Amino acid sequence: MSSELERPTTPPSAPALSQEILWEATPPKELWDEGPTLQGIEDAAVAREVLPPAFQKTQIGNPTDNEKGPVQATSDAPATLEQKSGSSAAGRAQRLRDIINSLGNTPTPPTGEGQPITSKKRSLAHSTPSSAPPRKKPESIEFTHEQSLILDHAVTGNSLFYTGNAGTGKSALLHELISRMKRTRPKLGAVAVTATTGLAACNIGGTTLHSFTGIGVGTETAEEAAERIRKIGAVRMRWYVVKVLIVDEVSMLDAQLFGQVGSSRLLDEEELAAIRWYPSTSHSFFLIVTGDFFQLPPVAKNGTARFAFEAEVWPMIIKKTFTLTTVFRQRDPEFVKMLNEVRLGLPSEDTTQKFRSLSRRIEDDNDVIPTELFPQRGEVDLANAARLNMLHTAFHCFKASDSGSAEKTYRTKLLDSFMAVPELKLGVGAQVMLIKNVDETLVNGSVGVVVSFCSQAEYDEEKGNGDRGSDVLASCGVKYPVVRFKLPNGRERKRLVTPEVFKIEMKKNEIQASRKQVPLILAWAISIHKSQGQTLDRMKVDLARVFEKGQVYVALSRAKSLEGLQVLNFHPTKVEAHAKVLEFNKTLMCANESATLD
Ligand SMILES: Nc1ncnc2c1ncn2[C@@H]1O[C@H](COP(=O)(O)OP(=O)(O)OP(=O)(O)O)[C@@H](O)[C@H]1O
């Protein structure tokens, strides 16, 4: 992505991680085309013979735009199937049978895979393929015993939920779980990676749960949605082949949707029974769900948020719950204790006093000020615009190039949730945040200042690397920002930052929403919502206008240390946890205890 100007503290040995690596496990093209293709199976007897009754029952309708597979519902689809299987009905039936069988059962894992972890700690080095999703780069992480227990349990194939305070490594573990699941279940389409928001989906290299389930923008009633979904071949096929459904940021998942996902996979009992009857699908579907219910809640309907754990089916579906207990983001036990009190909505007098004492100003680090967190996006835009206008410099505007196959309204909604903005206005002196991982020291969340603009060719020449051939020619003339980043160890790195692609992909070659943009955002201010999942070395937050339970906790828990945190208007009444979450929390056990119940 970018080029280095100054000596890095760590050699940039790893390539820039990319958010382009998405659904690797995808059903074979023939089967993904099944929704449309089924329409094209002229001989209905073939379909009757090969598919379970649930699939025969529905007259497969036209897929919506966002459900279309790479090969659209065209009249030549049957020909494709025919070419591969011979022209006879029997040949087609055999081919379809083969495909379905090939998708069915969990394969024997490669040597060493799929076995419970026996060692107490596990190095991630070499275990994450280069296509691992990007948010956190885990090469140097050694998993703790409790994290390893969750990995062990995941291979048993029972649905599980794991949670933990902010910074306990849920996301880091999720990356490993995803890559492990994909390795042990290499059948195409067997592992679905989803999150409740577009931002989180983009971060883990997946799609939104709404997209996966076929719920779309969610304006229909559950019944209408289910009825429509039954008619979409591609969605039905997705449900049919998936073996592991991974759901991140479950705190923002509404109980109703979880109920639909968990209880029926959006099919009614009869249909489900039919599918279960079919030998190749057996009963091996399970869910891996993660998130922290003390963080941002689902959007409240009629003033009341209904959490996923309130769904009737939650206890029936989730067979095991694990709570991670070791906090990594903050190393100071006092700060960890303070944050835990805030999480539970019960700050002690000591904690209140300590947070109030943090209202002092944090010194700027040269030209980098602490990033300010706001509850509302509008406030963020105003704060950043005001700072930008004070720069008195020439501005450079970078317009994103957007595309994607999702239906327009839905695509816009997905793109809106991206960190990368449609239009990025920058000038020398602008404070920016990197929104992609580059290597161990330049990560999603690294903050710096724009020091100049130059083309790749100019940059390479200055760096003494002037013969990069076509690369240089390709980017010749276009000037990109050179950013001086602050590193946590106090050092600095300068880097030319060139455009990257951000995307949400249902499956390989089916990009629902894609944005090519310079991977930076203005970082004098960011929203609490977009800060979820981030780690900030130096930040400031004014709690006067927080409006949602969980917001104070999300905001404060982004800080790495008390020294790097400025808090204004801390008041215990602002610190609230949902009573329902507190009740649910009482039922949870730490990972070690959960494991001993086996
Ligand atoms: N076993 C580990 N050893 C050392 N560092 C770890 C370990 N697990 C996670 N981390 C680090 O801890 C930090 C926080 O991890 P992560 O973001 O995964 O936490 P989280 O629980 O997802 O937080 P949040 O709920 O705030 O999103 C990251 O920098 C991550 O690399």
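Just above sits the structure.
Everything quoted here is computed from the prediction, not taken from an experiment.

Visitor: An account of the sheet that holds strand β4 (residues 160–164) is requested, with residue identities and associated values reported.
Guide: As summarised here, the arrangement of the six strands in space is β6-β5-β7-β8-β4-β9, forming an open sheet in which the pairing is parallel. A single partner strand is all that each edge strand has here, and the edge strands are β6 (207–208) and β9 (320–324). Note that β4 and strand β8 (residues 286–290) share three bridges and pair parallel. Its bridge partner lying in β8, Leu160 is registered against Ile288.

Visitor: Can you tell me about helix α8 (residues 170–184), naming the residues and giving the values?
Guide: A rise of 1.5 Å per residue sets the reference length of α8, with its 15 residues, at 21 Å; its end C-alpha atoms lie 21 Å apart and thus fit the reference within 8%. For α8, the buried fraction is high: 14 of the 15 residues fall into the buried class.

Visitor: Which residues make up the pairing of strand β22 (residues 539–542), and what values go with them?
Guide: Inspection of the sheet shows strand β10 (residues 371–374) paired to β22 by three bridges, in the parallel sense. Opposite Leu373, over in β22, you have Val541 as the bridge partner. Where β22 meets strand β23 (residues 565–568), four bridges bridge the pair, whose relative direction is parallel. In the strand pairing of β23, Met539 is matched with Leu565. Once the chain exits β22 it traverses helix α23 (residues 551–556) before rejoining the sheet at β23, and the crossover so formed is right-handed.

Visitor: Can you tell me about the packing of helix α16 (residues 333–343) against helix α17 (residues 349–356), naming the residues and giving the values?
Guide: Running from N to C, α16 and α17 point in directions that differ by 110°, and their axes come no closer than 10 Å. Put simply, α16 runs roughly perpendicular to α17. Of the residues in α17, those in contact with Glu334, Phe335, Met338, Leu339, Glu341 and Val342 of α16 are Thr351, Lys354 and Phe355. Residue classes in the contact of α16 with α17 are distributed as five nonpolar, one polar and three charged.

Visitor: Now, about α17: what can you tell me, with residues and values included?
Guide: Restricting attention to buried positions, one finds in α17 the residues Thr351, Thr352 and Phe355. Projection of α17 onto a plane perpendicular to its axis shows the buried side chains occupying an angular sector of 100°, all on one side. Turned more than 90 degrees from where α17 packs its buried face, Glu349 and Asp350 sit exposed. On its buried face, α17 is in contact with α16, α23 and β23.

Visitor: Can you break down the pattern of salt bridges residue by residue, with the values?
Guide: Enumeration over the complete set of coordinates arrives at 16 salt bridges. Linking Glu176 and Arg180 is a salt bridge whose minimum nitrogen-to-oxygen distance equals 2.8 Å. Of this pair, Glu176 and Arg180 both sit in helix α8, separated by four residues, roughly a single helical turn. The exposure classification of Glu176 matches that of Arg180, with both residues buried. Salt bridges sharing partners connect three or more residues here, namely Asp367, Arg484, Lys486 and Glu492.

Cut-off values and rules
Residues numbered from 1 in each chain as written. Predicted model: local features only at pLDDT ≥ 70, side-chain atom pairs only at ≥ 80, totals over all residues. Heavy atoms only, no water. Pairing = 2+ DSSP bridges. Helix = DSSP H or I, 4+ residues; strand = E, 2+ residues; numbered from the N terminus. Expected span 1.5 Å × (residues − 1). Buried < 20%, exposed > 50% of the residue type's maximum accessible area, 1.4 Å probe, protein only. Right-handed = clockwise from strand over helix to strand, strands pointing away. Axes fitted to C-alpha atoms, helices over the stretch in contact; angles between N-to-C directions. Parallel < 35°, antiparallel > 145°, perpendicular 65-115°, else oblique. Contact = heavy atoms within 4.5 Å. Nonpolar A, V, L, I, M, F, W, Y, C, P; charged D, E, K, R; others polar. Arc of directions from axis to C-beta. Salt bridge = Lys/Arg side-chain N within 4 Å of Asp/Glu carboxyl O.

In short, shape yes, function no, at least from these values alone.
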